[in-house]
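What the coordinates show
Each chain is listed here by its residues.
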Amino acid sequence: MILILVISVLIENLNVYVGFNCFIMYNNREIYGPFKPTLASGSDSTIPSCHAEVNAIKHILNIKGKKKLHKATMIITRHSYNKKTNDWILQDAIPCYDCMKYIKKFNIKNFIISTNTSEQFKKISFKYIEENTKKSTGRLYGK
């Protein structure tokens, strides 16, 4: 429960709400992020984007290396704007099919995702991601 409170505080303190955020956590104490989706080129929206999950993995590879990634917990959040309440709300944050394939390369097995239910966050397995993922409407580089 403490972990959920920490992530909630991190999300609330973000200056800008972007649809997706990804955090990488080790030992319930060491948290990296938020990592956000990025465009490969801000001047050309047709160039592939880097999804938040891929952005997070690439960052961790640079500072910790591949051997440590399998020990990590990936925390993925998704927000959407609700016009009726004039507020941002949490949504289900299951990685897209391309991100799922990329994550699989690094043997990450622990996940926490935001949900659109009253529990707000839940721990899931990689198998849950495989069973519930969908194709992205965005494009991905770094496969």
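Everything below is about the structure printed above this text.
First things first, this report covers the structure right here in the doc.

Reading the values: the criteria
Residues numbered from 1 in each chain as written. Predicted model: local features only at pLDDT ≥ 70, side-chain atom pairs only at ≥ 80, totals over all residues. Heavy atoms only, no water. Helix = DSSP H or I, 4+ residues; strand = E, 2+ residues; numbered from the N terminus. Polar contact = N/O pair within 3.5 Å; in protein donor to acceptor, adjacent residues only side chain to side chain. Buried < 20%, exposed > 50% of the residue type's maximum accessible area, 1.4 Å probe, protein only. Contact = heavy atoms within 4.5 Å. Axes fitted to C-alpha atoms, helices over the stretch in contact; angles between N-to-C directions. Parallel < 35°, antiparallel > 145°, perpendicular 65-115°, else oblique. Left-handed = near helix turned anticlockwise from the far one by under 90°. Nonpolar A, V, L, I, M, F, W, Y, C, P; charged D, E, K, R; others polar. Salt bridge = Lys/Arg side-chain N within 4 Å of Asp/Glu carboxyl O.

**Looking at the environment of Lys36**
- Within the secondary structure, Lys36 is located in the loop between strand E2 (30-35) and strand E3 (38-39).
- Considered as a pair, Lys36 and Asn21 are 15 residues apart in the sequence and their alpha carbons are 5.0 Å apart.
- Of note is the side chain of Lys36, whose polar atom sits 2.8 Å from the side chain of Asn21.

**A word on the environment of Lys123**
- Within the fold, Lys123 resides in strand E8 (residues 121-124).
- Given a relative accessible area of 71%, Lys123 falls into the exposed group.
- Measuring from C-alpha to C-alpha, the distance between Lys123 and Ile112 comes to 4.4 Å, with 11 residues separating the pair along the chain.
- Not counting residues up to four positions away in its chain, the partners in contact with Lys123 are Phe111 and Ile112.

**Thoughts on the packing of helix H2 (residues 52-63) against helix H3 (residues 97-104)**
- Close contact between H2 and H3 brings their axes to 9 Å; oriented N to C, the two are set at 20 degrees. Taken as axis vectors, H2 and H3 run roughly parallel relative to one another. The way H2 lies across H3 gives a crossing that is left-handed. Contacts between H2 and H3 involve Glu53, Val54, Ile57, Lys58 and Leu61 on the former and, on the latter, Cys99, Tyr102 and Ile103.
- Looking at side-chain class alone, the contact of H2 with H3 contains six nonpolar, no polar and two charged residues.

**Re the pattern of salt bridges**
- Inspection of every chain in the model, using the stated rule, returns three salt bridges.
- In this structure, Glu30 engages Lys64 in a salt bridge whose closest nitrogen and oxygen atoms are separated by 2.9 Å. Here Glu30, found in strand E2, pairs with Lys64, found in the loop between H2 and strand E5 (73-82); they are 34 residues apart in sequence, far enough to count as distant.
- Overall, the relative accessible area of 29% leaves Glu30 in the partly exposed class.
- The salt bridge involving Lys127 is made with Glu131; its shortest N-O contact spans 3.8 Å. Here the residue Lys127 and the residue Glu131 both occupy positions in helix H4 (residues 126-132), the gap between them amounting to four residues, near one helical turn.
- Note on Lys127: relative accessible area 53%, which makes it exposed.
- The class for Glu131 is exposed, based on a relative accessible area of 54%.

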